[in-house]
Amino acid sequence: MTTPPLSDRSFGRIAGLMHAAVGLSFTPNKKPLMSSRLASRVQHLGLQGFDDYAALLESPDDGGEFQMAVDLLTTNETYFFREPAHFALLQAELQRTRPQQLKVWSAASSFGDEAYSTAMLLADLQAQGTIGADWSVLGTDISERVLQSATQAIYPAERLREVDARRLKRYCLRGEGESEGLVQVCESLRRQVRFGQLNLCAPVDEVGPFDVIFLRNVLIYFDPPTKSAVVDRVLSRLRPGGLFFLGTAEGRVPCNTPLTVLAPGAYRKGRAQ
Ligand SMILES: C[S@@+](CC[C@H](N)C(=O)[O-])C[C@H]1O[C@@H](n2cnc3c(N)ncnc32)[C@H](O)[C@@H]1O
């Protein structure tokens, strides 16, 4: 049995639920995307159509389906050392300040590529004596599916295309046999990185404060008021003078927290002296 097309009404109901709960903004041109990502669930559950699916999502007894819909409707594209200029800037900053302690937050971590890239950089800097041993990286996301995968830290080798040969050798294990083509981040690095579920559209006071925050390539899924609210909320967990990174494609997002621009997508909390 084929699923009847997603009506404007069902689209509006599901879009409204997603916006209210996790801030995702689905404009009408996203209707085909929503339909293609959720159709298999409507079929799998044996429902008549998307209206029944919307009703299930609205019900308090949804059997975990709301989280399933969030997992399917989020876009999780990521890779290691994405936007390398941000990692170079972080390295230069740490070489200048030589902190003994450091807490980093990857605030929409997806599969963990950004968190483990940061951990590789910090482990190198620790080995060189540039930073102390007391550093950690927290990765958070709204999607349970990506968080489970991030904890396992197993990736198709292609996702580590920006990782140099020395780091690959030092921090990664290459799969053999059935695992050929896969790479796992080594245990010593995994120990420095934790993952947890956190909704950027709800209070975030349980985490931090941090010295460095990455909030990259997630604001594009929010509408302008949500973007600003998320940026201020996340920045409340950054220490004064801390570094803040946004995806360079996201532009400057208006917010109430004073920031100094360092480079495209790179900011320091507070006004320049
Ligand atoms: C495109 S990925 C960005 C990954 C990484 N930061 C990067 O730049 O490569 C966007 C992530 O934001 C997450 N996300 C979307 N809405 C969220 C919310 N309300 N709270 C937390 N994470 C959210 C998605 O699940 C997705 O994994």
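By convention here, each chain's residues receive numbers from 1 onward along its written sequence. Confidence filtering applies because this is a predicted model: local features only for residues at pLDDT of at least 70, side-chain atom pairs given and counted only at 80 or more, and all residues used for totals across whole chains, interfaces and linings. Just so you know, side-chain values use all the structure's heavy atoms and leave hydrogens and water out.

### Describing the domain arrangement of the protein
Consideration 1: By domain assignment, the protein separates into domain 1 (8-73) and domain 2 (84-269).
Consideration 2: Each domain's extent is set by a domain assignment, obtained either automatically or from a database. Computed from C-alpha coordinates alone, the two centres of domain 1 and domain 2 are separated by 29 Å.
Consideration 3: Residues count as neighbours in contact if any of their non-hydrogen atoms are within 4.5 Å of one another. Listed as interface residues are 9 residues of domain 1 and, on the opposing side, 11 residues of domain 2.
Consideration 4: For the pair domain 1 and domain 2, the summed buried surface comes to about 780 Å²; carbon and sulfur atoms form 47% of the total.
Consideration 5: A per-residue breakdown of the area domain 1 buries against domain 2 is headed by V22, Q67 and D71, which together make up 50% of the total.
Consideration 6: In the sections that follow, a salt bridge refers to a side-chain nitrogen of Lys or Arg positioned within 4 Å of a carboxyl oxygen of Asp or Glu. Taken together, the links from domain 1 to domain 2 amount to 0 salt bridges.
Consideration 7: Each polar contact in these results corresponds to two N or O atoms within 3.5 Å; when the atoms are within protein, one needs to be able to donate a hydrogen and the other to accept it, and residues that are neighboring in sequence are counted only if both atoms are side-chain atoms. Run the count over domain 1 and domain 2 and you get 8 residue pairs in polar contact (both at pLDDT 80 or more).
Consideration 8: At the level of elements, α1 (8-22) and α4 (65-73) are the ones that each hand at least two residues to the side of domain 1 that touches domain 2. Buried area is calculated as the accessible area (1.4 Å probe) missing from two parts once they are joined, with the contributions of both summed. Numbering of helices and strands runs from the N terminus, with a helix taken as a DSSP run of H or I at least four residues long and a strand as a DSSP run of E at least two residues long.

### Some points on the site of the ligand
Consideration 1: Note on definitions. A residue lies near a molecule or strand when any single heavy atom of the residue is within 4 Å of it. Near the ligand, the surroundings consist of 22 residues, among which V22, T78, R82, D141 and N217 are the closest.
Consideration 2: I142 places a main-chain nitrogen or oxygen 3.3 Å from a nitrogen atom of the ligand.
Consideration 3: Within the side chain of N217, a nitrogen or oxygen atom sits 2.8 Å from an oxygen atom of the ligand.
Consideration 4: Against a free-state accessible area of 610 Å², the protein chains account for coverage of 99% of the ligand.
Consideration 5: Classes in brief: Ala, Val, Leu, Ile, Met, Phe, Trp, Tyr, Cys and Pro nonpolar; Asp, Glu, Lys and Arg charged; the others, Gly included, polar. Taken together, the residues of the shell around the ligand break down into 9 nonpolar, 8 polar and 5 charged. The method behind every accessible area is Shrake-Rupley, applied with a 1.4 Å probe, and residues are considered shielded solely by the protein chains displayed.

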